[in-house]
Amino acid sequence: VQLVDSGGGLVQPGGSLRLSCAASGFTFSNYAMSWYRQAPGKGRELVARISSDGSSTNYADSVKGRFTISRDNAKNTVYLQMNSLKPEDTAVYYCYARISSATTTYNYWGQGTQVTVSS
C-alpha cells in the first residue's frame, strides 16, 4: 500500500490550493479516505472524510464551507480543494486510509504535504 500526497505550498490568506493523494496497492474504491493535518506543536486532527463511493462526506467544523473533499475511483486519487485559506490552516496535511483484511486492520498514511498560509 502506498499513499502519495502532493499539492501543498505557500499561499496568501484568502487563496486556494488543491491537494492530491494518489493511492496504490489496494482496492481504492472499497475504502473511505480521509485527510488529516498537523500544525506545529499540535496533535493530528481530522479535516475531512469521504465514503468509498464518494456519496458521503464529513468535515471538521473549522473547514466547513471552505474545503471540499472528493475522489476519482478511476484514478485511485482523493483530493482536498481548499478555498479561503487562513493562517490557522497552516499545517502538514496527510492522506489516510484504514484498510481491513480478514483478521487485521491497518492504518496507512501519506508522507504529508506542507501547506503554509502567510502574507
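Right above here is the structure, for reference.
Let me begin by describing the structure that accompanies this report. Bear in mind that the values here come from a model prediction, so they are computed numbers and not experimental data.

Okay, the state of the cysteines next. Summed over the entire model, instances satisfying the criterion amount to one disulfide. Note on cysteine connectivity: C21 is disulfide-linked to C95, with sulfurs 2.2 Å apart. Handedness of the C21-C95 disulfide follows from its S-S torsion of about -75°: it is left-handed. With C21 in strand β3 (residues 17-24) and C95 in strand β9 (residues 91-100), this residue pair connects regions lying 74 residues apart in the sequence. In this structure, C21 and C95 share a single accessibility class: buried.

A word on the sheet that holds strand β8 (residues 77-82). Pairing within the open sheet is antiparallel, and its four strands lie in the order β1-β3-β8-β7. Looking along the sheet, the strands with just one partner apiece sit at the ends: β1 (2-6) and β7 (67-72). Neighbour-to-neighbour, the strand axes of the sheet open up by a mean angle of 15°, direction not taken into account. When β1 meets β3, the two strands line up antiparallel, connected through five bridges. Paired with L3 across the bridge in β3 is A23.

A word on the pattern of salt bridges. In total, this model carries four salt bridges according to the counting rule given. Of the charged contacts, one joins R37 and E45 as a salt bridge, the two residues approaching to 2.6 Å between their closest N and O atoms. Using a relative accessible area of 6% as the deciding quantity, one classes R37 as buried. On the basis of relative accessible area, E45 is assigned to the partly exposed category, the value being 33%. Across the pair K64 and D61 runs a salt bridge, and its minimum N-O distance is 3.1 Å. Salt bridges sharing common partners tie together R37, E45, R66 and D89.

Okay, unusual backbone geometry next. Here N76, not a glycine, exhibits a phi torsion of approximately 55°, which is positive. In this structure N76 comes out as partly exposed when scored by relative accessible area, which is 25%. For S84, which is not glycine, the phi torsion reads 50° and is therefore positive. Examined against the element boundaries, S84 turns out to sit in the loop between β8 and β9. Classification of S84 by relative accessible area gives partly exposed; the value is 42%.

With that settled, the discussion passes to the packing of aromatic side chains. Summed over all chains, the structure comprises seven aromatic pairs. Considering the side-chain rings of F26 and Y31, the 5.9 Å spacing of their centres and the 65° angle between planes classify their relative orientation as edge-to-face. Consider the rings of Y36 and W109, whose centres lie 5.0 Å apart with planes at 70°: the pair is edge-to-face. Of this pair, Y36 sits in strand β4 (residues 33-38) while W109 is found in strand β10 (residues 105-109), placing the two residues 73 residues apart along the sequence. Exposure remark for Y36: the relative accessible area of 19% places this residue in the buried category. Three or more aromatic residues link up through ring pairs in this structure, and these residues are Y36, Y94, Y96 and W109. Geometry around Y94 places R44 over its ring, the cationic atom sitting 3.8 Å from the centre. In this structure, R71 is placed above the aromatic ring of F28, and the distance from its NZ or CZ to the ring centre is 4.3 Å.

Parameters and conventions
- Residues numbered from 1 in each chain as written.
- Predicted model: local features only at pLDDT ≥ 70, side-chain atom pairs only at ≥ 80, totals over all residues.
- Heavy atoms only, no water.
- Disulfide = S-S within 2.5 Å.
- Helix = DSSP H or I, 4+ residues; strand = E, 2+ residues; numbered from the N terminus.
- Buried < 20%, exposed > 50% of the residue type's maximum accessible area, 1.4 Å probe, protein only.
- Pairing = 2+ DSSP bridges.
- Axes fitted to C-alpha atoms, helices over the stretch in contact; angles between N-to-C directions.
- Salt bridge = Lys/Arg side-chain N within 4 Å of Asp/Glu carboxyl O.
- Phe/Tyr/Trp six-rings, centres within 6.5 Å; stacked < 30°, edge-to-face > 60°.
- Lys NZ or Arg CZ within 6 Å of the ring centre and 35° of its normal.

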